[in-house]
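# A closer look at the structure
Spelled out from the first residue to the last, the chains are:
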Amino acid sequence: MRLLVTGGAGFIGSNFVRYVLGERPAVRVTVLDNLSYAGSLRSLEGLDPERFRFVRGDIADADLVGGLVPEHDAIVHFAAESHNDNSLRDPTPFVHTNLVGTFTLLEAARRHDVRFHHISTDEVYGDLALDDPARFTESTPYNPSSPYSSTKAGSDLLVRAWVRSFGVRATISNCSNNYGPYQHVEKFIPRQITNVLTGLRPKLYGDGLNVRDWIHTEDHSSAVLAILERGRIGETYLIGADGERSNREVVEAILELLGEPSDAYDLVRDRPGHDVRYAIDSSKLRAELGWAPRYTDFRAGLAATIQWYREHEDWWRPAKDEVEAAYAAQGQ
Ligand code: NAD
Ligand code: TDX
């Protein structure tokens, strides 16, 4: 099995590459990644060169993609512009990578009849009220809020159309918020951990009561592998680990685990259009493919993640000042 993994130098893609090489001795992986600000070869260090190859390039480069795709049995498509706050500053790269990039890969998959798995997000469904008993399911209508989530929603719809109109052998997964090692310091959990480690206070948007449904990134990887191997073509699977928590609860846990008073955070300017709550019902994935998360103790997973950031300052330090300057410029 030869896999073409796009975005494999990013947070979740690099986790998947390590996971699949560890779990499946017969698999070989090519990573296609343009090493944007969010990608790092350091997240892929130490892999067996007999089974792993890195290609630097843009997923919207049709010539490059057209040459690589026929050398593989499947495409696992993680590459994206992934941060909501960046999409509010400048949506341009989101349209390019998430829409044109996905289109380019789908065209190559169609031409060469290569299996395609598309990685997407629960944000395509919009948000839920805090007191709504409902959770997102595969049949929840699309209702994205931000340039990020709308371009991800558009990419999902492209995949669905390429399945129906052209018979592309594709599946889609929509996952909730991931945490774990190698996540960029622009994102919520690593930003707050590295704030405390550098003497800054955690920053909560608005009143801090927005809810996210957290899953460890390795549980996301195991779900993607299950869908890639056993998912039904044309189907969508929601991935989640029943991890709903308010942002305030998460920050309080980070502060406690780092030995700081649990109220040592600042409330800052809210994100425009800030989704209130995400919640995933992953019954279909669990019932059909027998998947279950392994990282069910959030506090233990958070403690291990904090320990990783303590030990890998060389990995995150170069990006920290620029990220904080951009947030400070918008009162966050
Ligand atoms: P990330 O920003 O950490 O990594 C994205 C990777 O894609 C980077 O390595 C980057 O260099 C690469 N990339 C960007 N544009 C590219 C282009 N034009 N050509 C080639 N490579 C390009 O993102 P992540 O958090 O690892 O997210 C990966 C995927 O998972 C995305 O599709 C995202 O929408 C989805 N997702 C993320 C989460 C989450 O909580 N982070 C949750 C659900 C779904
Ligand atoms: O400093 C902060 N303070 C804060 O309160 C930051 C960076 C975020 N927040 C809030 C906003 C959200 O309610 O924390 C929550 C999580 O924020 P992000 O890490 O930016 O994630 P989110 O916007 O929920 O999107 C994430 O999950 C879905 C990923 O970035 C997406 O790629 C994925 O699709």
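Our subject in this report is the structure included herewith. (Residues numbered from 1 in each chain as written. Chains lettered and ligands numbered in written order. Predicted model: local features only at pLDDT ≥ 70, side-chain atom pairs only at ≥ 80, totals over all residues. Heavy atoms only, no water.)

## Things to note about the sheet that holds strand β9 (residues 211–216)
Let me state the cut-off plainly: In this analysis, strands are considered paired if DSSP registers two or more bridges between them. Per the convention used, a helix needs a DSSP run of H or I reaching at least four residues, while a strand needs a run of E reaching at least two, with both numbered from the N terminus. In this description, a line fitted to the C-alpha atoms serves as the axis of each element, helices being fitted only across the stretch in contact, and the angle between N-to-C directions of two axes falls anywhere from 0 to 180 degrees. Contacts are assigned to residue pairs with any non-hydrogen atoms lying within 4.5 Å of each other.
Spatially, β7-β9-β11 is the arrangement adopted by the 3 strands of the open sheet, whose pairing is mixed. Bordering the open sheet on either side are β7 (177–179) and β11 (244–246), each of which pairs with just one other strand. Strand after strand, the sheet turns through a mean of 50 degrees between neighbouring axes, direction not considered. Across 3 bridges, the pairing between β9 and β11 is antiparallel. Bridge assignment links R212 to a residue of β11, and that residue is R245. Of the strands in this sheet, β9 and β11 are in contact with helix α8 (residues 247–257), which crosses β11 at around 80 degrees. Along the sheet face, helix α10 (residues 298–311) touches β7, β9 and β11 and points at about 55 degrees away from the line of β7.

## Quick word on the pattern of salt bridges
Heads up, the condition is: We define a salt bridge as a side-chain nitrogen of Lys or Arg found within 4 Å of a carboxyl oxygen belonging to Asp or Glu. Type-normalised accessible area, obtained with a 1.4 Å probe on protein chains alone, sets the label of each residue: buried when under 20%, exposed when over 50%, and partly exposed for intermediate values.
This model, assessed by the stated rule, comprises 23 salt bridges. The salt bridge involving D113 is made with R169; its shortest N-O contact spans 3.1 Å. Pair noted here: D113 is in the loop between α4 (92–112) and β5 (115–121) and R169 is in the loop between α5 (147–166) and β6 (170–175), with a separation of 56 residues, a long-range link. Taking the relative accessible area as the measure of exposure, D113 reaches 48% and is therefore partly exposed. On the basis of relative accessibility, which here comes to 32%, the residue R169 falls in the partly exposed class.

## Observations concerning the site of ligand 1
Condition: Nearness of a residue to a molecule or strand requires only that one of the residue's heavy atoms be within 4 Å of it. Under the rule applied, a polar contact is a pair of N or O atoms within 3.5 Å (in protein, one hydrogen donor and one hydrogen acceptor; residues adjacent in sequence only if both atoms are side-chain atoms). Method for areas: the Shrake-Rupley scheme with a 1.4 Å probe, in which residue coverage is limited to the protein chains shown. Asp, Glu, Lys and Arg are counted as charged, while Ala, Val, Leu, Ile, Met, Phe, Trp, Tyr, Cys and Pro are counted as nonpolar; the rest, among them Gly, fall into the polar class.
As a matter of local geometry, ligand 1 sits amid 28 residues, with I12, D33, S82, Y148 and K152 nearest to it. Between a nitrogen atom of ligand 1 and a side-chain N or O atom of D58, the distance comes to 3.0 Å. In this structure, S82 approaches ligand 1 through a side-chain N or O atom, which is 2.7 Å from an oxygen atom. Here ligand 1 has 830 Å² of accessible area as a free molecule, and 97% of this is covered by the chains. Elements supplying a minimum of two residues to the shell around ligand 1: α1 (11–23), β5, α5 and β7. When residues of the shell around ligand 1 are assigned to their parent elements, the largest contribution, 3 residues, is made by β5. Class assignment for the residues of the shell around ligand 1 results in 12 nonpolar, 13 polar and 3 charged.

Worth remembering: the numbers are spatial, not functional.
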